[in-house]
Structures are given as C-alpha cells and as structure tokens.
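Tertiary structure, described
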Amino acid sequence: MTICLCLEVSVAKATTPVDLTITPRDRRFGRGSPIRRWWLNDDPIATAFYNALSVTFPKGEGYLVDSVRRFRNGTPPKLTAEINAFIKQEVIHTREHVAFNRHVTDQGYDVAPLIADVDAALALTKGRPPIASLAATTALEHFTAMLAHELIANPRHLAGGDQQAAALWQWHAAEEIEHKGVAYDTWLHATRDWPRFTRWRVKSLVMLITTWRFFTGRARGMTELLRQDGLTGPRIWARMAWYAFGNPGMARKIAGVWAAYFLPGFHPWKHDDRALIALAESDYEAAVLPVEKRAVATA
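Residues numbered from 1 in each chain as written. Predicted model: local features only at pLDDT ≥ 70, side-chain atom pairs only at ≥ 80, totals over all residues. Heavy atoms only, no water.

**Observations concerning the pattern of salt bridges**
When the charged atoms of two side chains lie near each other, side chains of opposite charge can form a pair. Under the defined criterion, the tally for this structure stands at 20 salt bridges. Across the pair Asp26 and Arg95 runs a salt bridge, and its minimum N-O distance is 2.8 Å. Of the two residues, Asp26 is situated in the loop between α1 (2-13) and α2 (44-69) and Arg95 in helix α3 (residues 77-106); the sequence distance between them amounts to 69 residues. A salt bridge links Glu82 to Lys78, with the nearest nitrogen and oxygen atoms 2.4 Å apart. One end of the pair is Glu82 and the other is Lys78, both in helix α3 and four residues apart, which spans about a single turn. For Lys78, a relative accessible area of 37% translates into the label partly exposed. Shared partners join several salt bridges into a network, and the residues in it are Arg25, Arg27, Glu175, Glu178 and Glu281. (Salt bridge = Lys/Arg side-chain N within 4 Å of Asp/Glu carboxyl O. Helix = DSSP H or I, 4+ residues; strand = E, 2+ residues; numbered from the N terminus. Buried < 20%, exposed > 50% of the residue type's maximum accessible area, 1.4 Å probe, protein only.)

Structure representation (structure tokens):
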C-alpha cells in the first residue's frame, strides 16, 4: 500500500513539461566527407562502441516507432502530437544512421553478426501482446536518454572525434533528450487501468531484461568489430571494461539514473535537462553549419 500511495502522489507531480516542443530537425551528416576508420580520437575501443551502437539503430528505431504507434489512437491531443513528432525524429535518425553505417561497412567491417544479434533481441517480444513491445520500448528509450544526457554533458565522450561524426551523435542525443518522455507517457496511458503495483512490476522486470540484453549485445558487437581489427584477448577486454566503467565511464555514470527507473513515481522528466539540448545545438551550429555554408558557397 505504501508503494502504491507513493506512486500515486509522485506521478501527479512528475510529468512532461507543458511547454515542451518536440522538433524534428532534418539534418544530414557526413555526405561526401571522409571519416577515419577509428574516427573517435584514433581510439579503436571508443570507435567500436559507437559503431556497434549505430548498427543497432535502423532496425531498433523502427521497432520503437511501431511499438509506440500502435497505442497512438485515443491518446490525449498533446501526447498524440508528441508521438507524431517522435516518429518523425526517429525516421530521420534511422536515415542518418543508415548513412553512418555505410561508412562503417566501407571501412571493411562485416556488420552481419551485429544485425543478427539485433534481430534476436527484437524477436523476444514477437508473438506477445503489443504492450510487451511498448514496455521494452519504454526501457530502451530510458537507455537512450541516459546515454544522450551523458554524451552532451561530458565533452570527453566525443573529444577528438571527426567533426561530422561527432555532430551526428550530438544532434541525435539532443533529440533523444527532447522526446524522452513520449514512450513513457504512452505507457502510462496504455496501462492507465492497471493496478499501479502491476505496472511497476512489469516495467521493472522488462528493464532488467532489457539491461542485460543491451550490455551483452553491445559488448558482443564491440568485440566482433575489434576482432576484425585484429584486436582480441584479455587486454582488449580490460580496455573495454575500463572504457565503460573507468574513463570516460559511460556505464558508471548512468548507473544512478538507471536505478531511478525502479523508484515509485519515476518519470523521465523528473530531471529536466533541456538545457543540454541548447548546448548541443550551439555546438552543432559552431561545428557543422560553417561546413555546410562553405559547401553552398562553392556549389
């Protein structure tokens, strides 16, 4: 009873900001611009992390879009508009990561094993009720929001990266922050008639499964790409662990926000980090637009 009452009070206080605007930004990155094989500070470990993550996006984001879209009908007008904007953003993300992944394969990497891993993960909800896919989407969207926050808040993550590649990730991160509440609000609406403890139990179980699949899947993807670079063995595994939990330590730094997902009354917008969107936008303007303007001027 205490858990349920706590949840009821907290949910009322934590909602998506009423003045939030989700804006699809139709931008293109890296067209015709050479990108190094180890494009992130000449570091094969860091490059493998982002390359492996990018390979998951085209199919993964299609899954997220389909999962949320199934529950769009009957949502309040504001949420309906946010779902539509979320879908547009994710479609553009998919297009840009397809282009980025083309760079990965152009470097000679075979990404087929990584795609097969994505297929296996997405198949876990195949044949289950659509609410199962929405629960998984809610968990995955929390993951992308956590990574996005850290990516923008800590410049060390992309320091030394090729300009266009780094700008792609900053742009993507900004939009992930902007729409971080959409899947969760859709989940709350879809399960509005559920007992609160049931809702908490299901979302928590799905998050645990999603976390395991996310970390093991990305580790396998990185290991495979590094293997194709001729980098294998315990030393490489140790460097991967240090990258995740030491410096820059993305996994370590998102641990607290990850745990918050299990608290009664959790909502993604309990932490309003919209200021990071403006920061990413300013970095984008400074780093990318001059290149685009020069291209237009010489066209």
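So that's the structure; there's more coming.
**Structural notes on unusual backbone geometry**
Residues Asn247 and Pro248 are joined by a peptide bond in cis, for which omega reads 5°. Among the secondary structure elements, Pro248 is positioned in the loop between α9 (234-245) and α10 (250-253). In this structure, Asn41 takes a positive phi of about 60° despite not being glycine. Mapped onto the secondary structure, Asn41 falls in the loop between α1 and α2.

**What to know about the nonpolar core**
Counting residues in each nonpolar core, the largest one holds 74 residues, and the members touching the most others are Trp39, Tyr50 and Trp169. Sorting the residues of this core by element identifies α2, α3, α5 (130-153), α6 (163-178), α7 (182-190), α8 (196-228), α9 and α12 (275-287) as the ones contributing at least two each. Top contributing element to this core by residue count: α2, with 13 residues. Sequence-distant contacts of Trp169, that is, excluding residues within four places in its chain, are made with Trp39, Tyr50, Leu53, Ser54, Phe57, His97, Phe100, Leu151 and Leu158. (Core = buried A, V, L, I, M, F, W, Y, C linked by side-chain atoms within 4.5 Å. Contact = heavy atoms within 4.5 Å.)

**Considerations on the packing of α7 against α8**
α8 packs onto α7 with a crossing angle of 140° between their chain directions and a minimal axis gap of 11 Å. As the angle between them shows, α7 and α8 are arranged oblique. In terms of crossing hand, the pair formed by α7 and α8 is right-handed. Across the interface between the two elements, Tyr184, Trp187 and Leu188 from α7 touch Arg199, Val202 and Lys203 from α8. Counted by class, the contact of α7 with α8 contains four nonpolar, no polar and two charged residues. (Axes fitted to C-alpha atoms, helices over the stretch in contact; angles between N-to-C directions. Parallel < 35°, antiparallel > 145°, perpendicular 65-115°, else oblique. Left-handed = near helix turned anticlockwise from the far one by under 90°. Nonpolar A, V, L, I, M, F, W, Y, C, P; charged D, E, K, R; others polar.)

**Describing the environment of Trp194**
In this fold, Trp194 is placed in the loop between α7 and α8. Assessed through its relative accessible area of 27%, Trp194 is described here as partly exposed. Leaving out residues up to four positions away in the same chain, Trp194 has contacts with Ile131, Trp187, Arg199 and Val202.

**Quick notes on helix α4 (residues 112-122)**
Looking at α4, one finds that the buried residues are Leu114, Asp117 and Val118. The buried residues of α4 all sit within an arc of 100° when viewed along its axis, so they share a single face. Along its buried surface, α4 packs onto α2 and α8. (Arc of directions from axis to C-beta.)

**Examining the packing of aromatic side chains**
Tallied over the entire structure, the rule returns 18 aromatic pairs. With 5.1 Å between their ring centres and 45° between their planes, Phe29 and Trp171 make a pair best called tilted. One end of the pair, Phe29, is in the loop between α1 and α2; the other, Trp171, is in helix α6, and 142 residues separate them in sequence. A relative accessible area of 2% means that Trp171 is categorised as buried. (Phe/Tyr/Trp six-rings, centres within 6.5 Å; stacked < 30°, edge-to-face > 60°.)

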